[in-house]
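Results of the structural survey
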Amino acid sequence: MVELLHRLVRSPQGAIGLSLVVLVLLLALFGPALAPHNPEALGVLRRYKPPSVDHWLGTDQLGRDILSRLLVGARATVLLALLATLLGTLAGAVLGTASAFLGGKADEAIMRTVDAVMALPSLLMSLLIVSAMGRGAENAVLAIAITFTPGMARITRSVALAVRRQDYVNAAVARGEGALYIVIREMLPNVVAPIVVEMSIRVAFAVMLFATLSFLGLGAQPPSSEWGLMVSEARRFMHLSPWMILWPSIAIALVAVGFNLLGDGLRDALNPRT
Amino acid sequence: MSGRYLLRRFGLILYTLLVVSVIVFGITQVLPADAAVMLMGENATPEQLAALRARLGLDDAVWVQYLHWLGGVVRGDFGVSMTSGLDVLPTIVESLSRSLLLAVLSILLMLVVALPLGILAAVRRGGAVDIGLGLVSYLGVSFPEFVTATLGILLFADLLGWLPATGYVPLLEDPVQAVRHLVLPVATVSLILIAHVSRMVRSEVVDALHTDYVRAARLKGLPEGLVLRRHALRNALLPTITIVALDVGYVLGGIIVVEEIFAIPGIGRQLIVAVQNRDLPMIQAAALVLAATYCVMNLLADLTYAALDKRIQYG
């Protein structure tokens, strides 16, 4: 683990990605405590203000402090996207492992169906699910998790099948180890790595998808300061203050860049041969 | 490419569409909306509602309703829109044509930009173009379409005033205005594609430049340009077809967002409006058509790939 971290930090992608992600996670955890103002405090006299000493990132159409709203909204945006990815990965891992374990006709049927589900573009899929369950942040999280499940199932299955054929697994079988021992001690550690890489890239995608759903009015609802929702609300006041759009946009992109870099860095660190 | 392979591919597409139709129908069944109330309004008497439910078959078992709906779809009858009262099919066909224009232009722009960029970055590996492309493509895949579109409107429409912010003008009515209205939407959809595909092209070309046949071509004294064109690129660009086909999913997702933001009356906007109004037949038709488009694109890509690469024999 320590060695992995060492290798990760040695590549520029890994180092920048890791620091960005750690920073974002810290801000998401401690955001409300760090916020300089009350994110809901209205101020008629300080609406549409550009960045200033008192309000570092300016104020919005109701005179609320944008920095404070971003810091509080980090939870809604980043932590919920993480949760969605985690749920989708778990469900996909169970399905993929089951498919690889069952093999034969069942495997074929599950995988063809997974392929078929993946023919629905992910935004369309989550849009349909949210519209069925009703708009709202919790439902958007579930929708993204369900949308991610088939893709993660596919990856888990292919990794599990590849690992099953490795010599060290055959060796364990030849030694007469039990099935449980083989799955937990020999297969699982080698299955986890590629899934973690895929997961960290998917978090970037989940942040973008979640913000998009909120932007379309189907995810987080006002007065939440979820970043996609902030962009959506700021659009109407574009000609009064471009800052209101700029900051949440930059925040979304920074988080996505961070997780993308971390994912690529992890992939390189886990495959030391290249 | 044998007949058996084609048959199998078509079978898979049919299965895919069947699964998609079950998902779409299943999801729209969960929607907390009573179709009879939607059609007749809140003031209808219980007797009127019951009569309409019986006529629409809403009291039948779910699978009977599904088969009934599927039977209609196969015959090209997607039902009647609950908001406009018009047949769904003509609306879908009309809006699909606008969306396809947007999609095709975006993919063309992507190819024109991403291919040369990726090749240049691979040939001058480690150079300024390569490093620049690496940075830009990380940024490109990290901006969701709604952010790119909003920032584009902010910069080019609001601050600079070069382009119209939103709206749609038919190409035949006023070509100049139509193109001006299409610039930002097309650029938005293609940005994320350019970022993704150019990086893929780069890595394919880098791999091809390290193969034995390229070394052999160099050793027999061919000029570098010829080595690149005749040997490396021919092999490197084939997998690009598959990547582009898989990215069509992103294109379709991007189109939904972009049409909503720029108020383009395409199939994506149709879908969002239908979701907001809980217009079930319209949601079902739009989702099914989008999924079918994706399947057909992937099939075309596979067939093109097989036709271009003589080594591949699908059995």
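Residues numbered from 1 in each chain as written. Chains lettered and ligands numbered in written order. Predicted model: local features only at pLDDT ≥ 70, side-chain atom pairs only at ≥ 80, totals over all residues.

**Here we look at the overall build of chain B**
Looking only at helices and strands, chain B features 13 helices and 0 strands. Overall, chain B shows an N-to-C arrangement of helices and strands of α-α-α-α-α-α-α-α-α-α-α-α-α. Projected onto its principal axes, the C-alpha coordinates of chain B cover approximately 90 × 60 × 35 Å. Relative to its 315 residues, chain B shows a buried fraction of 37%. (Helix = DSSP H or I, 4+ residues; strand = E, 2+ residues; numbered from the N terminus. Buried ≥ 20, exposed ≤ 12 C-beta atoms within 10 Å, placed from the backbone.)

**Remarks on the overall build of chain A**
A count of helices and strands for chain A gives 10 helices and 0 strands. Scanning chain A from its N terminus toward the C terminus, one meets helices and strands in the order α-α-α-α-α-α-α-α-α-α. The buried share of chain A, reckoned over its 274 residues, is 47%. Within chain A, residue pairs in contact and separated by at least 24 positions form 72% of the contacts whose partners lie at least 6 positions apart. (Contact = placed C-beta atoms within 7 Å.)

**Here we look at helix α3 (residues 66-102) of chain A**
All names here are of chain A. Over its 37 residues, α3 runs 53 Å from end to end, which matches the ideal 54 Å to within 8%, given 1.5 Å per residue. The largest bend in α3 comes to about 35°, at G73. Once α3 finishes, G103 follows within two positions and takes phi at roughly 65°, a positive value. (Expected span 1.5 Å × (residues − 1). Bend = angle between axes of the 7 residues up to and from the residue.)

**As for the interface of chain A and chain B**
Taken together, the contact between chain A and chain B spans 35 residues of the former and 35 residues of the latter. Elements that contribute at least two residues to the side of chain A that touches chain B include exactly α4 (104-117), α5 (122-133), α8 (179-215) and α10 (243-270) of chain A. Tallied by class, residues from the side of chain A that touches chain B come to 25 nonpolar, 7 polar and 3 charged. (Nonpolar A, V, L, I, M, F, W, Y, C, P; charged D, E, K, R; others polar.)

**Focus on the packing of helix α5 (residues 88-123) of chain B against helix α12 (residues 267-277) of chain B**
All names here are of chain B. Two elements in contact, α5 and α12, have axes separated by 7 Å at closest approach and are oriented at 130°. Put simply, α5 runs oblique to α12. Where α5 approaches α12, its residues T91, I92, S95, L96 and S99 are matched on the opposing element by I267, G268 and Q270. When grouped by side-chain class, the residues that make up the contact of α5 with α12 number 3 nonpolar, 5 polar and no charged. (Axes fitted to C-alpha atoms, helices over the stretch in contact; angles between N-to-C directions. Parallel < 35°, antiparallel > 145°, perpendicular 65-115°, else oblique.)

**Overview of helix α9 (residues 227-234) of chain A**
Most of α9(A) sits out of view: 7 of its 8 residues are buried. Buried within α9(A) we find A:W227, A:G228, A:L229, A:M230, A:V231, A:S232 and A:A234. Residues of α9(A) that are buried in the fold lie against α3, α8 and α10 of chain A together with α7 (145-159) of chain B.

**Remarks on the nonpolar core**
Residues A:L124, A:I144, A:V207, A:F210, A:I252, B:A286 and B:A287 are the most contacted members of the largest nonpolar core, which totals 154 residues. The dominant element in this core, judged by the number of residues it contributes, is α8(A), at 16 residues. Discounting residues that sit within four places of it in the chain, A:I252 has contacts with A:V207, A:M208, A:A211, A:W227, B:P144 and B:V147. (Core = buried A, V, L, I, M, F, W, Y, C linked by C-beta atoms within 7 Å.)

**Quick notes on the confidence of the model for chain B**
Residue and element names in this part refer to chain B. Across chain B, pLDDT averages 84, with 93% of residues at or above 70. α5 holds the highest mean pLDDT among the elements of chain B, 90, whereas helix α2 (residues 35-40) holds the lowest, 64. For this predicted complex, the interface confidence comes out at an ipTM of 0.83, alongside a pTM of 0.86. (pLDDT = per-residue confidence, 0-100.)

**A look at the confidence of the model for chain A**
Low-pLDDT stretches of the model should not have their predicted coordinates read in fine detail. Looking at chain A as a whole, its pLDDT mean stands at 86, while 98% of the residues score no less than 70. Mean pLDDT values for the elements of chain A range from 80 in helix α1 (residues 2-10) of chain A up to 90 in helix α6 (residues 137-164) of chain A.

**With respect to unusual backbone geometry**
Most peptide bonds take the trans configuration, and most residues that are not glycine carry a negative phi. A:P222 connects to A:P223 through a cis peptide bond whose omega is 5°. Looking at the secondary structure, you find A:P223 in the loop between α8 and α9. One non-glycine residue, B:A263, adopts positive backbone phi at about 55°. Looking at where B:A263 falls in the secondary structure, it is placed in the loop between α11 (238-262) and α12. Assessed through the 12 C-beta atoms surrounding it within 10 Å, B:A263 is described here as exposed.

**Let's talk about the packing of α3(A) against α6(A)**
Residue and element names in this part refer to chain A. Put simply, α3 and α6 touch, their axes get as near as 5 Å, and they point 40° apart. Considered as vectors, α3 and α6 are oriented oblique to each other. Between α3 and α6 the crossing geometry is right-handed. Of the residues that constitute the contact of α3 with α6, the class distribution is 19 nonpolar, 10 polar and 2 charged. (Left-handed = near helix turned anticlockwise from the far one by under 90°.)

**Brief notes about the environment of B:Y138**
Along the polypeptide, B:Y138 turns up in helix α6 (residues 128-142). B:Y138 sits in the buried class, given 20 other C-beta atoms within 10 Å. Measuring from C-alpha to C-alpha, the distance between B:Y138 and B:L191 comes to 11 Å, with 53 residues separating the pair along the chain. The residues touching B:Y138, leaving out its near neighbours within four places in the chain, are A:V257, A:N260 and A:L261.

**Observations regarding the environment of A:R267**
Looking at where A:R267 falls in the secondary structure, it is placed in helix α10. Counting along the chain gives 135 residues from A:R267 to A:A132, while the straight-line C-alpha distance between them is 37 Å.

**Side note on the environment of B:T293**
All names here are of chain B. Of note, T293 is situated in helix α13 (residues 280-308). Judged by the 21 C-beta atoms lying within 10 Å of it, T293 falls in the buried class. Spatially, the C-alpha atoms of T293 and V205 are 29 Å apart, while their sequence positions differ by 88 residues.

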